[in-house]
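So the chains spell out like this:
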Amino acid sequence: MNPNTARVVECYGRRVVLALTDGKRYPAEVFGKRLRVVCGDEVEIDIDQANSGLQVIRALPRNTHFTRTNAQGQPEILAANITQLVVLMSDHPPSDPFIVDRYLAGAELGGIKALIAITKRDLGNSPEILEHMKKYKQAGYNIFNVSAHDPTTLEPLTQALENEVSMLVGESGVGKSTLTNTILGIHVQRIREISSATGEGRHTTVSSILFDLPHLNGSLIDSPGVRDYAPAPVNDLQIAFGWREFARYSGQCKFNNCLHLREPGCAILAAVTSGQIDQRRHESYRRLVNLMRQLLPSYERH
Ligand SMILES: Nc1nc2c(ncn2[C@@H]2O[C@H](COP(=O)(O)OP(=O)(O)OP(=O)(O)O)[C@@H](O)[C@H]2O)c(=O)[nH]1
Ligand SMILES: [Mg+2]
Ligand SMILES: [Zn+2]
């Protein structure tokens, strides 16, 4: 980074927090109406003469961008320049594996590595989550079983964060902020405060925040919890790239534009029948194909 560049570490529309080359963090404004930045962006900055504050004047090209489909059905970039997505899954309360699959697909489609962390290990692992772990391993993912309350469980995951810009994602309450705090080793953020309704701690994260992990030469982004997630719309034939375990059958279907739904001679469907590919993972793929068809007009689908 040259002295006039900085990294966006928090973003609230036109207002952002920047990490400068000296590592210090300052608030800044985004200049002009057309410039849009997100957490993780590298930007050029200037001094705003009017109020001597910092101004973001330009965004540098992104290495990666991680997207979603927003409530209006439009693509939206959630974070820039991340190298790794850490998808959290929990038993307490049980996470929806179909959302986990769509997160994994979002990473694959964005050229971002992905791994899975099963949280709250201290509360025990149910037979259901052990089964999910087995299936995700079979699909080719690294899985970490962690407890934020027991740092000794965190060593393998921490190693996987080395030299990476990682983003923690997952449903609200899965434990992203608690895990971030334990990994950072300091109480930087408030975790959920006590909720009178349930008696449980409750403090929902409202915006992504990028933290430095200097001892690991990496960064970690804690993100707001979601009720649902889908990657930005892509055409029919691209969706299969979101399912890592399909790759080893590529080129083996009878039709080269096979969508692996009910076509004759489909190598993926054969692998589902023989148990090489998990039936639920394939059902998850089918659901995303249907969702993307609703989002994209027909002329953009193929
Ligand atoms: N027993 C146990 N509880 C945990 C663990 N990690 C998180 N929790 C609890 O789970 C609840 C939710 O944790 P958070 O870290 O706020 O979850 P989050 O994913 O950041 O939630 P959002 O910000 O809403 O997306 C809190 O009551 C935490 O104390 C863990 O490893 N073990
Ligand atoms: Mg949180
Ligand atoms: Zn096929």
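Look above for the structure.
Residues numbered from 1 in each chain as written. Chains lettered and ligands numbered in written order. Predicted model: local features only at pLDDT ≥ 70, side-chain atom pairs only at ≥ 80, totals over all residues. Heavy atoms only, no water.

Chemist: Before we go on, may I ask you to explain the overall build of the chain in this structure?
Modeler: Within the chain, the secondary structure is distributed over eight helices and 15 strands. A compact globule built from 302 residues should have a C-alpha radius of gyration of about 19 Å, and the chain, at 21 Å, falls within 12% of that. Counting over 302 residues, the chain shows a buried share of 49%. Surface exposure of the chain reaches about 15,300 Å², of which carbon and sulfur atoms provide 51%. In the chain, 33 positive and 32 negative side-chain charges are present, and the distance between their average locations comes to 5 Å. (Helix = DSSP H or I, 4+ residues; strand = E, 2+ residues; numbered from the N terminus. Rg over C-alpha atoms; globule rule 2.2 N^0.38 Å. Buried < 20%, exposed > 50% of the residue type's maximum accessible area, 1.4 Å probe, protein only. Areas by Shrake-Rupley, 256 points an atom, 1.4 Å probe, with all protein chains shown as cover. Lys, Arg positive; Asp, Glu negative; His and termini not counted. Charge placed at Lys NZ, Arg CZ, Asp CG, Glu CD.)

Chemist: Is there a simple way to explain the coordination of the magnesium ion (ligand 2) in this structure?
Modeler: Around a metal, the perfect tetrahedron of four donors has angles of 109.5 degrees, and the perfect octahedron of six donors has angles of 90 or 180 degrees. In this structure, S177 (OG) and T205 (OG1) serve as the protein donors to the magnesium ion (ligand 2), at separations of 1.9 to 2.1 Å. With a gap of 28 residues between them, S177 in helix α4 (residues 176-184) and T205 in the loop between β13 (201-202) and β14 (209-213) connect regions that are remote in the sequence. Per residue, the accessibility class of S177 equals that of T205, and both read buried. (Donors = N, O, S within 2.8 Å, 3.2 Å for Na, K, Ca; no water.)

Chemist: What's the story with the pairing of strand β3 (residues 25-30) in this structure? I'm lost.
Modeler: Side-chain positions along a regular strand alternate between the two faces of the sheet. As paired elements, strand β2 (residues 15-19) and β3 share five bridges and run antiparallel to each other. Looking at the pairing, V17 lines up with P27 of β3. The turn joining β2 and β3, which pair antiparallel and follow one another in sequence, is formed by five residues; a positive phi near 90 degrees is taken by G23. Where β3 lies against strand β5 (residues 53-59), three bridges are found, and the strand directions are parallel. Residue pairing across strands places E29 opposite Q55, the latter belonging to β5. (Pairing = 2+ DSSP bridges.)

Chemist: Help me out: how do you make sense of empty space enclosed by the protein in this one?
Modeler: Regions of empty space are outlined by a rolling probe, equal in size to a water molecule, passed over the atoms. Within this structure, the stated rule accounts for one cavity of 30 Å³ or more. Taken as a whole, the largest cavity holds about 40 Å³ of empty space. The wall of the largest cavity is formed by K135, Q138, A139, E245, Q276, I277, D278 and R281. It is helix α2 (residues 127-139) that provides the largest number of residues to the lining of the largest cavity, a total of three residues. Considering only residue class, the lining of the largest cavity consists of two nonpolar, two polar and four charged. Per-domain counts for the lining of the largest cavity show at least three residues from each of domain 2 (65-222) and domain 3 (236-301). (1 Å grid on protein atoms, 1.4 Å probe; cavity = no way out; pocket = protein on both sides within 12 Å on 5 of 7 lines; lining within 4 Å. Points joined across faces, edges and corners; volume = space filled by probe spheres on them. Nonpolar A, V, L, I, M, F, W, Y, C, P; charged D, E, K, R; others polar. Domains from an automatic or database assignment.)

Chemist: Please clarify how helix α1 (residues 97-109) should be interpreted in this entry.
Modeler: Two residues of an α-helix separated by three or four positions point the same way, owing to the 3.6 residues in each turn. Counted at 1.5 Å a residue, the expected span for α1 with its 13 residues is 18 Å, and the 18 Å between its end C-alpha atoms agrees. Counting buried positions over the 13 residues of α1 gives 11, a clear majority of the element. All of the buried residues in α1 are P97, F98, I99, V100, D101, R102, Y103, L104, A105, G106 and A107. Contact partners of the buried residues in α1: β6 (65-69), β8 (84-89), β9 (113-118), α2, β11 (165-169) and α7 (279-295). The backbone nitrogen of F98 has a side-chain oxygen 2.8 Å away, supplied by the residue at the start of α1, namely D96. (Expected span 1.5 Å × (residues − 1). Contact = heavy atoms within 4.5 Å. Polar contact = N/O pair within 3.5 Å; in protein donor to acceptor, adjacent residues only side chain to side chain.)

Chemist: Can you walk me through the side chain of D91 in this structure?
Modeler: Relative to the helices and strands, D91 is located in the loop between β8 and α1. Notably, D91 is buried but unbridged: the nearest opposite-charge side chain belongs to K120, and the N-O separation is 10 Å. Within the structure, the side chain of D91 is placed 2.7 Å from the backbone nitrogen of S126, a separation counted as a polar contact. Setting aside its immediate chain neighbours within four residues, D91 contacts G124, N125, S126 and I129. (Salt bridge = Lys/Arg side-chain N within 4 Å of Asp/Glu carboxyl O.)

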